[in-house]
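Results of the structural survey
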Amino acid sequence: MTDTNPALVIEPLTAESFRSFGDVIEASHDARHFTINEGFAERYHDLAQVDVATGGGRAIVSIFKAKPRTLPMRLLLLERHPLGSQAFVPMSQRAYLVVVAPATPHAATPDVGAMRCFRAEPGQGVNYASGTWHHPLIALDAPSDFLVVDRGGAPGDHNCDEYPLGPRAAWIG
Ligand SMILES: NC(=O)N[C@@H](O)C(=O)O
Ligand code: NI
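The protein chain goes by Ureidoglycolate hydrolase in an unreviewed UniProt entry, where it is assigned to Rhodoferax koreensis. A UniProt comment under Subunit (unreviewed entry) is attached to the protein chain, and it reads "Homodimer." Taken directly from UniProt, the Catalytic activity (unreviewed entry) text for the protein chain runs: "(S)-ureidoglycolate = urea + glyoxylate".

Its place among the elements puts E79 in strand β8 (residues 77-80). A distance of 3.1 Å separates a polar atom in the side chain of E79 from a polar atom in the side chain of H81. Among all residues touching E79, those that are not within four sequence positions of it are Q86, T132, W133, H134, P136, C160, D161 and E162.

As a further point, take unusual backbone geometry. For the bond from L71 to P72, the omega torsion is -5°, close enough to zero to count as cis. Structurally, the position occupied by P72 is in the loop between β6 (68-69) and β7 (73-75). Although it is not a glycine, E38 sits at a positive phi angle of roughly 55°. Secondary-structure assignment places E38 in the loop between β3 (33-36) and β4 (41-44). Phi at D46 is positive, roughly 55°, even though this residue is not glycine.

On to the coordination of the nickel ion (ligand 2). Note on the nickel ion (ligand 2): its protein donors are E79 (OE), H81 (NE2), Q86 (OE1) and H134 (NE2). The metal-donor distances range over 2.1 to 2.2 Å. For the nickel ion (ligand 2), the six donor atoms in the first shell make angles of 73 to 175° at the metal, so the coordination geometry reads as octahedral. When the donors of the nickel ion (ligand 2) are listed by position in the chain, the intervening gaps give E-x1-H-x4-Q-x47-H.

Thresholds applied
Residues numbered from 1 in each chain as written. Chains lettered and ligands numbered in written order. Predicted model: local features only at pLDDT ≥ 70, side-chain atom pairs only at ≥ 80, totals over all residues. Heavy atoms only, no water. UniProt positions renumbered as here; feature names shortened; annotations may be inferred. Helix = DSSP H or I, 4+ residues; strand = E, 2+ residues; numbered from the N terminus. Polar contact = N/O pair within 3.5 Å; in protein donor to acceptor, adjacent residues only side chain to side chain. Contact = heavy atoms within 4.5 Å. Donors = N, O, S within 2.8 Å, 3.2 Å for Na, K, Ca; no water. Tetrahedral: all angles 85-135°; square planar, octahedral: opposite > 155°, others 65-115°.

In structure tokens form, the structure reads like this:
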């Protein structure tokens, strides 16, 4: 990288590796699942902790039509949603990247040194636990749609803290 900061290692996304950041949403063999609809469907049940009730919030469902990022990419900021979780489920069969850092509930800034990057494969969604620091959506290769489940609240609710990485900006890809 041209910058003094090394590139983040891109790790495979697994439920275990992502557990401290939130949930991986996928129809995996070890997820709880059962047959429904007279055998015409298999329900992969209760895959993520949707946590949106703080301060009278409610779950909202949106679609993000994301433009692909160009790699290598400089990560300029992290953000967190202190009042609720945020889930992204890809509606396309393309991989995308997820950059996270541990929640810091008692601090206004992330532990930048603990930042990690995961490659989400087609069929894998993520649910950021409330307060998990993350980079905004990083779609790859082509315009990609994502179903998003996060918190809707009052217009004055503050549910997005941004932290500019400045000279600590990292690289991926
Ligand atoms: N702004 C917005 O709703 N999206 C971000 O929170 C994101 O994580 O992409
Ligand atoms: Ni977000």
